[in-house]
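Summary of structural features
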Amino acid sequence: MTTLAAATGLGPERARYSRVAIWLHWAIAGLIVVNLLLGFFHEDFARPVRGTMMTWHKSIGFTVLALTVVRILWRLSHRPPAFDSALKRWETGLATAVHWLFYALLLAIPLSGWLIVSTGTKVMPTHFLWLFDIGPLPVTPGEGIHDLAEEAHELLGYAMLLLLVLHVGGAVKHHLDGHRHLIGRMAPWLYRER
Ligand code: HEM
Ligand code: HEM
């Protein structure tokens, strides 16, 4: 029987991400996937379904923004587990770059969405589900900035999709290559002891 800690030669607390980091990772990942689907496909639905989808889209987006601020603060005050020494330098470099680009996108996507709803011709508060309202950003509405925000939001959505493919591709590749403890760092339930 090898535990994750024994397989990596690290102490249990250094072999994988902490419970909080793992919880934040999977909560945000799930919300992002749902929001990409709602964002890209809401136009295929008729009213009032489309409106309900967008209420969920914006509320999920604000939730991602709040969780990301907590996550970045957490990340800056905690050391992540060390990379597996079998990984090549370019692989750990690429993984680290993808991680930081993810953090940038997790902030920029909801902020650009917030900018869209703050700059249209009819600026109204955004409903956070049916619970409370969130006001617009303090910017002067205008067609130019509104169109720019829409373009940016769409482009950033595609960038997120691309990063997700790279990220999941990397994780699955290493898993299949036999580095099974790499995925176990973020998904300990996938690391079966043997
Ligand atoms: C949009 C969805 C996702 C986002 C935004 C995301 C973001 C991140 C970030 C930022 C980290 C780095 C944590 C840090 O050290 O600061 C990370 C690590 C990790 N993620 Fe994701 N992730 C997503 C989806 C997934 C999925 C679907 C998988 C499943 C294969 C996955 C597997 C992992 C693993 C295994 C790690 C640890 C990497 C390592 O050991 O270096 N992630 N993720
Ligand atoms: C996790 C965060 C978010 C993700 C991943 C995301 C993703 C997307 C995507 C992929 C689209 C479709 C873009 C297109 O094809 O034109 C979209 C549309 C939209 N999103 Fe978001 N979004 C997020 C957060 C937000 C937030 C916080 C708001 C507003 C408060 C927002 C408002 C909108 C609006 C108004 C549209 C429709 C734009 C249009 O019709 O051109 N989004 N979003």
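Residues numbered from 1 in each chain as written. Chains lettered and ligands numbered in written order. Predicted model: local features only at pLDDT ≥ 70, side-chain atom pairs only at ≥ 80, totals over all residues. Heavy atoms only, no water.

A look at the nonpolar core
Grouped together as the largest cluster of nonpolar side chains are 18 residues, with contacts concentrated most on Ile-28, Ile-32, Val-64, Leu-106 and Met-160. Of all elements in the fold, only α3 (19-41), α4 (49-77), α5 (89-119) and α6 (143-176) reach the threshold of two or more residues within this core. Among the elements that take part in this core, α5 stands out by supplying six residues, more than any other. Not counting residues up to four positions away in its chain, the partners in contact with Met-160 are Ile-32, Leu-36, Phe-102, Leu-105, Leu-106 and Ile-109. (Core = buried A, V, L, I, M, F, W, Y, C linked by side-chain atoms within 4.5 Å. Buried < 20%, exposed > 50% of the residue type's maximum accessible area, 1.4 Å probe, protein only. Helix = DSSP H or I, 4+ residues; strand = E, 2+ residues; numbered from the N terminus. Contact = heavy atoms within 4.5 Å.)

Some words on the environment of Val-34
Tracing the backbone shows Val-34 in helix α3. It is 8.5 Å that separates the C-alpha atoms of Val-34 and Ile-60, two residues lying 26 residues apart in sequence.

Observations regarding the packing of aromatic side chains
A full pass over the atoms with the stated rule returns five aromatic pairs. With 5.1 Å between their ring centres and 90 degrees between their planes, Phe-62 and Trp-114 make a pair best called edge-to-face. Pair noted here: Phe-62 is in helix α4 and Trp-114 is in helix α5, with a separation of 52 residues, a long-range link. On the numbers, 4.9 Å between centres and 5 degrees between planes, the contact of Phe-128 with Phe-132 is stacked. Relative accessible area serves as the criterion here: at 16%, Phe-128 is assigned to the buried category. By relative accessible area, Phe-132 is classed as partly exposed at 44%. (Phe/Tyr/Trp six-rings, centres within 6.5 Å; stacked < 30°, edge-to-face > 60°.)

A few points about a negative patch on the surface
Taken together, Glu-143, Asp-147, Glu-150, Glu-151 and Glu-154 make up a surface patch of like negative charges. Along the polypeptide, Asp-147 turns up in helix α6. Overall, the relative accessible area of 38% leaves Asp-147 in the partly exposed class. (Patch = residues over 30% accessible without salt bridge, like charges linked within 9 Å, V, L, I, M, F, W, Y side chains within 5 Å. Areas by Shrake-Rupley, 256 points an atom, 1.4 Å probe, with all protein chains shown as cover. Salt bridge = Lys/Arg side-chain N within 4 Å of Asp/Glu carboxyl O. Lys, Arg positive; Asp, Glu negative; His and termini not counted. Charge placed at Lys NZ, Arg CZ, Asp CG, Glu CD.)

Considering the coordination of the iron atom of ligand 1
Angles at a metal have ideal values that depend on geometry: 109.5 degrees with four tetrahedral donors, 90 or 180 degrees with six octahedral donors. Protein-derived ligands of the iron atom of ligand 1 are His-25 (NE2) and His-167 (NE2), with the metal-ligand distances lying across 2.0 Å. One can describe the site at the iron atom of ligand 1 as octahedral: its six donor atoms subtend angles covering 86 to 180 degrees at the metal. Linking His-25 in helix α3 with His-167 in helix α6, this pair joins segments that are 142 residues apart in sequence. (Donors = N, O, S within 2.8 Å, 3.2 Å for Na, K, Ca; no water. Tetrahedral: all angles 85-135°; square planar, octahedral: opposite > 155°, others 65-115°.)

A few points about the site of ligand 2
In the vicinity of ligand 2 there are 21 residues, among which Gly-39, Met-54, His-57, Ile-109 and His-153 approach most closely. His-57 places a polar side-chain atom, nitrogen or oxygen, 2.8 Å from a nitrogen atom of ligand 2. Here an oxygen atom of ligand 2 sits 3.5 Å away from a polar atom, N or O, in the side chain of Glu-150. When atom positions are compared with the pocket grids, ligand 2 is found to occupy the largest pocket. Those elements giving two or more residues to the shell around ligand 2 turn out to be α3, α4, α5 and α6. Of the residues that constitute the shell around ligand 2, the class distribution is 11 nonpolar, six polar and four charged. (Near = heavy atom within 4 Å. Polar contact = N/O pair within 3.5 Å; in protein donor to acceptor, adjacent residues only side chain to side chain. 1 Å grid on protein atoms, 1.4 Å probe; cavity = no way out; pocket = protein on both sides within 12 Å on 5 of 7 lines; lining within 4 Å. Sits in = over half its atoms within 2 Å of the grid points. Nonpolar A, V, L, I, M, F, W, Y, C, P; charged D, E, K, R; others polar.)

Spatial relationships are all this shows, so hold off on functional conclusions.
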